[in-house]
Amino acid sequence: FNKRIVVIIDDMDRLNGKEIQNIFQLIKFIANFKNTIYILAYSKNYISTSIKSFLNESNSEKYIEKFIQVEFKLPPLDPQKLSQFLKNRISDKLKLLTLASYILDVNYCLDNYNITGSLKNIRDVKKFLNSFLIRLSVVHPKVRFNQFFLVELIRFSDPVSYQTIFDHYYLL
């Protein structure tokens, strides 16, 4: 047949070294299928480090080049767009949860605090948002939204610091 088959393997940077090797081996063994294209999505640094440690491969770049013929680097995500994405998503979710009164607080937090050090990509935003909204639904209206938002941001991005704050709350 003359149709193309495109195989997309996303989030390879969530795999361990053995799983990464298995994916590469699988591609190697079946890559000769006519009209088959593989698209792999991953963090090159993570894959390279995993290959070095798991396979004891000193030149992980050369190893990766055996399997990757064409590489496309994606540009970094614009921090303003990431912040806007969070603002839109959290506003929509707050409306659904009948917590729309917090939308002004969300806008204040996102307009006045730099979240880009804590939330680096869409995956982080979604994970943070899910966790934040679950916790907020449990504690509202007993907390100040802005403070709760910032504490949850610390909990998400720096669990060690959060645990220190939690363990020593009486010093605050």
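Residues numbered from 1 in each chain as written. Predicted model: local features only at pLDDT ≥ 70, side-chain atom pairs only at ≥ 80, totals over all residues. Heavy atoms only, no water.

Undergrad: Explain the overall build of the chain to me, please; I cannot follow it from the model alone.
TA: On a plain count of helices and strands, the chain comes out with eight helices and two strands. Its helices and strands in sequence order give the chain the pattern β-α-β-α-α-α-α-α-α-α, from N to C terminus. Relative to its length of 172 residues, the chain is extended, with a C-alpha radius of gyration of 21 Å against a globular reference of 16 Å. A buried classification covers 30% of the 172 residues belonging to the chain. Considering only contacts in the chain between residues 6 or more positions apart, those separated by 24 or more positions represent 67%. As presented, the chain carries roughly 12,100 Å² of accessible surface, and 55% of it is formed by carbon and sulfur atoms. With 24 positive and 16 negative side-chain charges, the chain shows a separation of 6 Å between the mean positions of the two kinds. (Helix = DSSP H or I, 4+ residues; strand = E, 2+ residues; numbered from the N terminus. Rg over C-alpha atoms; globule rule 2.2 N^0.38 Å. Buried < 20%, exposed > 50% of the residue type's maximum accessible area, 1.4 Å probe, protein only. Contact = heavy atoms within 4.5 Å. Areas by Shrake-Rupley, 256 points an atom, 1.4 Å probe, with all protein chains shown as cover. Lys, Arg positive; Asp, Glu negative; His and termini not counted. Charge placed at Lys NZ, Arg CZ, Asp CG, Glu CD.)

Undergrad: Honestly, the pattern of salt bridges in this entry has me stumped. Any pointers?
TA: Where charged atoms from two side chains of opposite charge come close, those side chains can pair. Within this structure, the stated rule accounts for seven salt bridges. Between Arg-135 and Glu-152 there is a salt bridge, and its shortest N-O distance comes to 3.3 Å. In this pair, Arg-135 sits in helix H6 (residues 122–139) while Glu-152 sits in helix H7 (residues 145–157), placing the two residues 17 residues apart along the sequence. On the accessibility criterion, Glu-152 (3% relative accessible area) is buried. The network of salt bridges with shared partners includes Asp-11, Arg-14 and Arg-123. (Salt bridge = Lys/Arg side-chain N within 4 Å of Asp/Glu carboxyl O.)

Undergrad: It is not clear to me how the side chain of Asp-124 should be interpreted in this structure. Could you clarify?
TA: Its place among the elements puts Asp-124 in helix H6. No salt bridge is formed by the buried Asp-124; its nearest oppositely charged neighbour, Lys-127, is found at 5.4 Å. If we ignore the near neighbours within four places in the chain, the residues touching Asp-124 are Ser-118, Leu-119 and Phe-156.

Undergrad: Please explain the packing of H7 against helix H8 (residues 159–167) as it appears in this structure.
TA: A pair of packed helices is characterised by two quantities: the angle between their axes and the separation of those axes. Packing of H7 against H8 leaves a shortest axis separation of 5 Å and a crossing angle of 130°. It follows that H7 is oblique to H8 by the angle criterion. Contacts from Val-151, Ile-154, Arg-155, Phe-156 and Ser-157 of H7 reach H8 at Pro-159, Ser-161, Tyr-162 and Ile-165. Within the contact of H7 with H8, the residues separate by chemical class into six nonpolar, two polar and one charged. (Axes fitted to C-alpha atoms, helices over the stretch in contact; angles between N-to-C directions. Parallel < 35°, antiparallel > 145°, perpendicular 65-115°, else oblique. Nonpolar A, V, L, I, M, F, W, Y, C, P; charged D, E, K, R; others polar.)

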